[in-house]
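Here are the chains, one letter per residue:
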Amino acid sequence: MELPVLAKAHPSPSTADPLWWRSAVIYQLYIRSFADGDGDGTGDLAGVRAHLGYLKELGVDALWFTPWYASPLADGGYDVSDYRSIHPAFGELEEAEALISEALALGIRTIIDVVPNHVSHEHEWFRAALAAAPGSPERERFWFVDSPPNSWVSNFQGGTWTQVPDGQWYLHLFTPEQPDLNWNHPDVRREHEEVLRFWFDRGVAGVRIDSAALLIKDPALPDVRGDEAPGQHPNTDRDEVHDVYRSWRAVADSYPGTRVLVGEVWMPDPVRFTNYLRPDEMHTAFNFDFMTRPWDGAQLRESIDSMLAAHAPVGAPSTWVLSNHDVTRTVTRYGREDSSFAFATKRFGTPTDLALGTRRARAAALLSAALPGSLYIYQGDELGLPEVEDLPEGARQDPMHFRSEGVDPGRDGCRVPLPWAGGRPPYGFSAGDAQPWLPQPHDWAQYTVEHEASDPGSMLSLYRAALALRRTLEGDEGFAWLESEPDVLCFTRGGGFVNVTNLSDRPIDLPEHDSLLLGSTPLVDGQLPPDATAWLRT
Ligand code: GLC
């Protein structure tokens, strides 16, 4: 790949920059657990507004809010009952509008989550469908049948068909509280375009598209055989789904400034994945390949190569993601013997070495921030929060846990409210002393923002320094490997910037350089220890 002569040093990207999304740092905000402004134990918009300064200082360009809409919270808000209103526990629409403009005044854009595959069973359409008779137009917006035509398995285990009192059954790829919409119905298409306009009109800079590959179903609803040709699977990644995103792109492009479409696309085949990123579809999608790989030099190198190669032909930048609200926290995962991630293998009682995991997470933070493309940071990763693995059973909320009959620990452990200050729960999360909706561990005083901000060796200090330095790389997407041992990821982004990540088990010499810009661990006798990254100027 050709390298630019010099990396350009940019100040904070101007809000008018149409290419802001190509290299943006996007902070994933799980609103229930970020900060509680009204003292009821649940995070809210007031809490976010009170901490915009923290996000500015951290150095992020955009916030992605997991769903903040009215919802019975059967799946943490991914069961939306009304897209045009905010969940009352989080605040009101006017506050969301205020937040969007206050953040923008600080140069921080807002991305919201849309969940097109399904709605809540309390959504007015589904209520109307239940109230109407079998065969009625109201039922045609969903998948109602007289008897289950297949044995599709839910993404949360168990069946995908639930019977209603009049005897019909409806489809849900997730929980029964999340009925799947019928995307062949014109109302469904029109409504979602209107929802996009509703929020674009309110200044949001983009949408994260939930379960983006699942929308279209084969109308014959056949069983999954397992040997379907690409694009022909009965409920995943069907070729027709791309028409939906082409029409969404046209809506986004009709607005001034760039309104981005970011896909949640879990897709093992890199080409099927980047099909979603063709120039008239989405702008970017989460690179889960990198996130699910173990801490292993060859594996990460291969992932970087294959993702950059897959993105190049469609002209889209890659994204780099270490975790999110669905997966095991980074420091916990990297401290495990098997440090890859897979939903199917999550189990209680899997040992981890948090000191090791934290060293690797620090190295991974710099590595991912050095790669070309946009960077996602899940709230709390900048503090190095571990997965909370010993939540009391009565506190757990995640349907993934319950639908596995308690075998899968679920996703609550990465959703525990953030610790801000002080020595005991709620660590400043709640304005008052209210206990958070998920209990925080008693040893989290070491992870509070207050504590870490005053420690130059903390994860927070590392993230702040890394994001500030990263800005000096913005503006070019050059990337080239430099010669190194196989377990060392050594590359340049041009302009004399070099990243060296040591995944071997011994200290290594650094390439010749003028200065050490930043390190995840101090050098030892001039060498880079194992599980560490150094940023160099050469
Ligand atoms: C996505 C979300 C996840 C949610 C699911 C169903 O995978 O990230 O949290 O449970 O979709 O909407």
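What counts, and where the lines are drawn
All residue numbers refer to position in the chain's written sequence, counted from 1. Reporting in this predicted model follows two pLDDT cut-offs: at least 70 for local features of residues, and 80 or more for side-chain atom pairs to be given and counted; totals over whole chains, interfaces and linings ignore these cut-offs and use all residues. As a convention, hydrogens and water are excluded, and side-chain values are obtained from all of the structure's heavy atoms. Per the convention used, a helix needs a DSSP run of H or I reaching at least four residues, while a strand needs a run of E reaching at least two, with both numbered from the N terminus. As a reference, a globule follows 2.2 Å times the number of residues to the power 0.38, and the radius of gyration itself is taken over C-alpha atoms. The buried label applies to any residue whose accessible area, calculated with a 1.4 Å probe on protein chains only, is under 20% of its type's maximum; exposed applies above 50%, and partly exposed to all values in between. Between two residues, a contact is recorded if the distance between any of their heavy atoms is within 4.5 Å. Method for areas: the Shrake-Rupley scheme with a 1.4 Å probe, in which residue coverage is limited to the protein chains shown. In this tally, Asp and Glu contribute negative charge and Lys and Arg positive charge; neither His nor the terminal groups of the chain are included. Throughout, a charge is located at the NZ atom of Lys, the CZ atom of Arg, the CG atom of Asp or the CD atom of Glu. Each domain's limits were defined by an automated method or a database of domain assignments. Buried area is a sum: the accessible area each of two parts loses on coming together, probed at 1.4 Å, counted once for each and added. By convention in these notes, a salt bridge is any Lys or Arg side-chain nitrogen within 4 Å of a carboxyl oxygen on Asp or Glu. Whenever two N or O atoms come within 3.5 Å, that pair is a polar contact, provided that in protein one can donate a hydrogen and the other can accept it, and provided that, for residues adjacent in sequence, both atoms are side-chain atoms. Residue type decides the class: Asp, Glu, Lys and Arg count as charged, Ala, Val, Leu, Ile, Met, Phe, Trp, Tyr, Cys and Pro as nonpolar, and the leftover types, Gly among them, as polar. DSSP calls a pair of strands paired once it identifies at least 2 bridges connecting them. By convention, a crossover is right-handed whenever its connection, traced from the first strand over the helix to the second and viewed with the strands pointing away, goes clockwise. In this description, a line fitted to the C-alpha atoms serves as the axis of each element, helices being fitted only across the stretch in contact, and the angle between N-to-C directions of two axes falls anywhere from 0 to 180 degrees. Convention used here: angles under 35 degrees read as roughly parallel, angles over 145 as roughly antiparallel, angles from 65 to 115 as roughly perpendicular, and any remaining angle as oblique. Should the near helix be turned anticlockwise from the far one by less than a right angle, the crossing is termed left-handed; should it be turned clockwise, right-handed. Given the number of residues in a helix, its expected span is that number minus one, multiplied by 1.5 Å. This arc corresponds to the set of directions leading from the helix axis out to the C-beta atoms. Only rings of Phe, Tyr and Trp enter the pairing, Trp through its six-membered ring, and a pair is recorded when the two centres are within 6.5 Å. The plane angle decides the type: under 30 degrees is stacked, over 60 is edge-to-face, the rest tilted. The rule for a charge over a ring is simple: NZ of Lys or CZ of Arg within 6 Å of the ring centre, and within 35 degrees of the ring normal.

### Some words on the overall build of the chain
Assigned secondary structure in the chain consists of 14 helices and 20 strands. Radius of gyration (C-alpha) of the chain: 23 Å, near the 24 Å computed for a compact globule of 538 residues. Summarising its shape, the C-alpha atoms of the chain cover approximately 75 × 55 × 45 Å along the three principal directions. Evaluated residue by residue, the chain yields a buried proportion of 60% over its 538 residues. Long-range pairs, those at least 24 residues apart, make up 67% of the contacts in the chain with a sequence separation of at least 6. For the chain, the accessible surface area stands at approximately 19,800 Å², while carbon and sulfur atoms represent 53% of it. Across the chain, 44 positive and 79 negative side-chain charges occur, with their mean positions spaced 3 Å apart.

### Notes on the domain arrangement of the chain
Domain parsing of the chain yields domain 1 (20–116 + 186–473), domain 2 (124–171) and domain 3 (480–537). Distance from the C-alpha centre of domain 1 to the C-alpha centre of domain 2: 30 Å. Residue-level contacts link 19 residues of domain 1 with 17 residues of domain 2. Among the residues of domain 1 in contact with domain 2, Leu221, Asp223 and Arg403 are the three that bury the most area, contributing 40% of the side total. The interface formed by domain 1 and domain 2 includes 1 salt bridge. A salt bridge links Asp187 to Arg141, with the shortest nitrogen-to-oxygen separation between them at 3.0 Å. Counting across the interface, domain 1 meets domain 2 through 8 residue pairs in polar contact (both at pLDDT 80 or more). Here the side of domain 1 that touches domain 2 is composed, by residue class, of 9 nonpolar, 3 polar and 7 charged.

### Topic: the side chain of His283
Of note, His283 is situated in the loop between helix H7 (270–274) and strand S11 (284–285). In terms of polar contacts, His283 uses its side chain to reach the side chain of Arg249, at 3.4 Å. Not counting the four nearest positions on each side in its chain, His283 is found in contact with Trp21, Arg249, Thr258, Arg259, Val260, Leu261, Leu277, Ala316 and Pro317.

### Looking at the pairing of strand S10 (residues 260–263)
Burial along S10 is two-sided: Val260 and Val262 facing one way and Leu261 and Gly263 facing the other are all buried. When strand S9 (residues 206–209) meets S10, the two strands line up parallel, connected through 4 bridges. From the neighbouring strand, Val207 faces S10, where its bridge partner is Leu261. Handedness of the β-α-β unit built from S9, helix H6 (residues 241–253) and S10 comes out right-handed. Direction of pairing for S10 relative to S11: parallel, over a ladder of 2 bridges. Bridge pairing links Gly263 to Ala285 in S11.

### Observations concerning the packing of helix H5 (residues 186–200) against H6
Put simply, H5 and H6 touch, their axes get as near as 10 Å, and they point 30° apart. Here H5 is positioned roughly parallel relative to H6, judged by the angle of their axes. Judged by the twist between their axes, the crossing of H5 over H6 is right-handed. For the pair H5 and H6, the contacting residues are Arg189, His192, Glu193, Leu196, Arg197 and Phe200 in the first and Asp243, Val244, Ser247, Trp248, Val251 and Ala252 in the second.

### Examining H6
End to end, H6 covers 19 Å across 13 residues, agreeing with the expected 18 Å (1.5 Å per residue, within 8%). If you check which residues of H6 are buried, you get Val241, His242, Val244, Tyr245, Trp248, Arg249, Val251 and Ala252. For H6, the arc enclosing every buried residue in end-on projection is 170°, short of the 170-degree limit, so these residues lie on one face. Check the buried side of H6 and you find it contacts strand S5 (109–114), H5, S9 and S10.

### Things to note about the packing of aromatic side chains
One pass over the full model with this rule turns up 31 aromatic pairs. Ring centres of Tyr69 and Trp199 lie 6.0 Å apart, and the angle between their planes is 65°; on these two criteria the pair is classed as edge-to-face. Here Trp199 lies in helix H5 and Tyr69 lies in strand S3 (residues 69–70), a separation of 130 residues in the sequence. The same class applies to Tyr69 and to Trp199, which are both buried. Each ring, one from Phe126 and one from Tyr170, has its centre 4.9 Å from the other, and the planes form 65°; the classification is edge-to-face. Of the two residues, Phe126 sits in helix H4 (residues 124–131) while Tyr170 sits in strand S8 (residues 169–171), which places them 44 residues apart along the sequence. We classify Phe126 as buried; its relative accessible area is 2%. Each residue in the set Trp64, Trp266, Phe286, Phe288, Phe341, Phe343 and Tyr376 is aromatic and connected to the rest through ring pairs, giving one cluster. Over the ring of Trp481 we find Arg301; its NZ or CZ atom is 4.6 Å from the centre of that ring.

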